[in-house]
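One letter stands for each residue in the lines below.
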Amino acid sequence: VETASAGNIFAAAGSTLTKLDPDGNELWSTGLPGLSRVSAFTPRPDGTYLVSGSSSSAIRVIAIDTTGTQAGHNSDNPEGHIALQSNGTIALIGQLGTDIGVFRYNPDGTPLDESRIDSGSSTEFYRAITATGNTLYALGSYEPAIVNRRDFLLLRLDEASTGCNP
């Protein structure tokens, strides 16, 4: 469930995304072809939305327009959370093997770069990503050698970042 600045509510169940007005009335509901479940959703300044999700054979990011119609970007990507930088760059956080990956794409969906976040642990998990202007903040967790303990990673990636090791 996400809310937009106008107070609209977006809810995902399985591969269906529904937009509700602030009073809870359905504005539209759409099935997203090729997805078995929705993982993340973010609005874009042009009124379209980006949705990340998975199917049995791939991870997808799909752009949909203001009416819920698919508008492109049906490409393989890591499943995870989405952030939109002020320059239009699309950023996702997801698993990259046993590490955390931050994947950036141009506004048209073509790959730009990726960053690998490696704490040295074999049990790293992505948690969230957000953008403030063109700076990304990635949150992850890992389990150090100490039993029954989980530590968190909070990393700042500026516009020029193409990789980091905390």
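Scroll up for the structure.
Read on for a plain summary of the structure. Given the structure is predicted, the values throughout are model-derived calculations rather than measurements.

1. Points about the pairing of strand β11 (residues 99-105)
For a regular strand, side chains alternate in direction, first toward one face of the sheet and then toward the other. Of all the seven residues making up β11, seven are buried; the element is thus mostly covered by neighbouring parts of the structure. Of the two faces of β11, the one holding D99, G101, F103 and Y105 and the one holding I100, V102 and R104 are both buried throughout. Pairing analysis gives seven bridges linking strand β10 (residues 90-96) to β11, with the strands arranged antiparallel. Across the sheet, residue L92 finds its bridge partner in β11, namely F103. Count of turn residues in the β10/β11 antiparallel hairpin: two residues, of which G97 carries a positive phi of about 70°. Pairing analysis gives six bridges linking β11 to strand β12 (residues 111-117), with the strands arranged antiparallel. Note on β12: the bridge partner recorded for R104 is D113. What sits between the antiparallel neighbours β11 and β12 is a turn of five residues, in which G109 has the positive phi angle 95°.

2. Focus on the pairing of β10
Of all seven residues in β10, six are buried, a share of seventy percent or more. Pairing between strand β9 (residues 81-84) and β10: four bridges, direction antiparallel. Each bridged residue has a counterpart across the sheet, and for I82 the counterpart in β10 is L92. The hairpin turn running from β9 into β10, its antiparallel successor, is five residues long, and G88 in that turn takes a positive phi close to 95°.

3. Here's the deal with a nonpolar patch on the surface
Together, Y137, L139, F152 and L154 make up an exposed nonpolar region whose accessible area comes to about 400 Å². Broken down by secondary-structure element, the contributors of at least two residues to the nonpolar patch are β14 (135-142) and β15 (151-157). For F152, the location among the structural elements is in strand β15.

4. Description of the environment of T16
With respect to the secondary-structure elements, T16 resides in strand β3 (residues 16-20). Between the alpha carbons of T16 and L35 there is a distance of 8.8 Å; along the sequence they are 19 residues apart. Those residues in contact with T16 that lie beyond four places of it in its chain are A11, S29, T30 and G31.

Procedures and definitions
Residues numbered from 1 in each chain as written. Predicted model: local features only at pLDDT ≥ 70, side-chain atom pairs only at ≥ 80, totals over all residues. Heavy atoms only, no water. Buried < 20%, exposed > 50% of the residue type's maximum accessible area, 1.4 Å probe, protein only. Helix = DSSP H or I, 4+ residues; strand = E, 2+ residues; numbered from the N terminus. Pairing = 2+ DSSP bridges. Patch = residues over 30% accessible without salt bridge, like charges linked within 9 Å, V, L, I, M, F, W, Y side chains within 5 Å. Areas by Shrake-Rupley, 256 points an atom, 1.4 Å probe, with all protein chains shown as cover. Salt bridge = Lys/Arg side-chain N within 4 Å of Asp/Glu carboxyl O. Contact = heavy atoms within 4.5 Å.

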